[in-house]
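# Commentary on secondary and tertiary structure
Each chain, written out:
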Amino acid sequence: MYVVKSPLSDANLKTVSEALQGALVDLVDLALVAKQIHWNVVGQRFRSVHLQLDEVVATARTYSDTVAERASALGVSPDGRAATVAVGSGIGVTPEGWVDDTAAVGTIVEALGAVIDRMRERIAATGEPDPVSQDIFIQVTADLEKQHWMFQAANG
C-alpha cells in the first residue's frame, strides 16, 4: 500500500528505496554497535573513547532519521525493526563483554569502514535516479569518514 505517491518512476524508486532501506539498517546497527562498545570499553583511554563513541551514536541516529524520512517522502515505508536490522546489516559481529580500549577502537573502525563502503555504493547507485537521496548519502558518508579518520588516528 502506498499512502504517498513518489515522484520517481517505478524503476528509479526501486533502486532508491533499496538504497535507503540498506542505509537505514546500517545506521541503526552502527548506533547499536557504538553504544554496546561505549558501555563496555575499559582501559587507559576509557573516557575519551567512551565519549567519542557517543558522537558516532548521535551521528548514526540523526542520519537514520533523515534516511527514514526520505524514504517516507518517496512513499516507501522504512523498516528499522530489530529483526530487519539483524538480517540486513553489513556490520560484523560485535564482541561481548568488556572490551579493551584498543580493541574497541579497532572494532568501531571496522564497523565504520563497512558502513562507509556500502554508503559509497549507494552514492553511485542513486546519482542518476535520485540526486536528492544521493546528496543525503554523500552527507552521511562525509560525517562517517570523519569519525573513521578520528578513530583510526586514536590507535595510531
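As the structure is a computational prediction, the values presented were derived from the model and not from experiment.

Each helix and strand in the protein chain was counted, giving five helices and two strands. Secondary structure of the protein chain in N-to-C order comes out as α-β-α-α-β-α-α. A compact globule built from 156 residues would reach a C-alpha radius of gyration of about 15 Å, and the protein chain, at 16 Å, matches this within 12%. The burial tally for the protein chain puts 46% of its 156 residues in the buried class.

Moving on: helix 5 (residues 131–155). Spacing of three or four residues puts side chains on the same side of an α-helix, whose turn is 3.6 residues. The first and last C-alpha atoms of helix 5 sit 36 Å apart over 25 residues, in line with the 36 Å expected at 1.5 Å per residue. For helix 5, the complete set of buried residues consists of Ser133, Gln134, Ile136, Phe137, Val140, Thr141, Leu144, Gln147, His148 and Phe151. Contacts made by the buried residues of helix 5 are with helix 1 (10–40), helix 2 (46–73) and helix 4 (101–126). Backbone geometry just after helix 5 places Gly156 at a positive phi near 65°.

A few words on helix 2. Between its first and last C-alpha, helix 2 extends 41 Å over 28 residues, near the 40 Å set by a 1.5 Å rise per residue. Gly75, located one to two residues past helix 2, shows a positive phi value of around 85°.

Turning our attention to the packing of helix 2 against helix 5. Axis separation between helix 2 and helix 5 bottoms out at 11 Å; the angle between their running directions is 170°. Put simply, helix 2 runs roughly antiparallel to helix 5. The residues of helix 5 that touch helix 2, namely those facing Gln52, Leu53, Glu55, Val56, Thr59, Tyr63, Thr66, Val67 and Arg70, are Val132, Ser133, Ile136, Gln139, Val140, Asp143, Leu144, Gln147, Met150 and Phe151. Looking at the contact of helix 2 with helix 5 residue by residue, the class counts come to 10 nonpolar, six polar and three charged.

Moving on, we get to empty space enclosed by the protein. Counted under the stated rule, the structure contains one cavity of 30 Å³ or more. When its volume is computed, the largest cavity comes out at roughly 30 Å³. As for the largest cavity, its lining consists of Ser17, Leu20, Gln21, Leu24, Val67, Ala68, Ala71, Val76, Ser77 and Pro78. Sorting the residues of the lining of the largest cavity by element identifies helix 1 and helix 2 as the ones contributing at least two each. With four residues, helix 1 is the single largest residue contributor to the lining of the largest cavity. Looking at the lining of the largest cavity residue by residue, the class counts come to seven nonpolar, three polar and no charged.

Below, the discussion takes up the UniProt feature "domain: Ferritin/DPS" (unreviewed entry) in the protein chain. In this structure's numbering, the residues bearing the UniProt feature "domain: Ferritin/DPS" (unreviewed entry) are residues 18–153. Along residues 18–153 the backbone is 79% helical and 3% strand, and the end-to-end C-alpha distance reaches 33 Å.

Calculation notes
Residues numbered from 1 in each chain as written. Predicted model: local features only at pLDDT ≥ 70, side-chain atom pairs only at ≥ 80, totals over all residues. Heavy atoms only, no water. Helix = DSSP H or I, 4+ residues; strand = E, 2+ residues; numbered from the N terminus. Rg over C-alpha atoms; globule rule 2.2 N^0.38 Å. Buried < 20%, exposed > 50% of the residue type's maximum accessible area, 1.4 Å probe, protein only. Expected span 1.5 Å × (residues − 1). Contact = heavy atoms within 4.5 Å. Axes fitted to C-alpha atoms, helices over the stretch in contact; angles between N-to-C directions. Parallel < 35°, antiparallel > 145°, perpendicular 65-115°, else oblique. Nonpolar A, V, L, I, M, F, W, Y, C, P; charged D, E, K, R; others polar. 1 Å grid on protein atoms, 1.4 Å probe; cavity = no way out; pocket = protein on both sides within 12 Å on 5 of 7 lines; lining within 4 Å. Points joined across faces, edges and corners; volume = space filled by probe spheres on them. UniProt positions renumbered as here; feature names shortened; annotations may be inferred.

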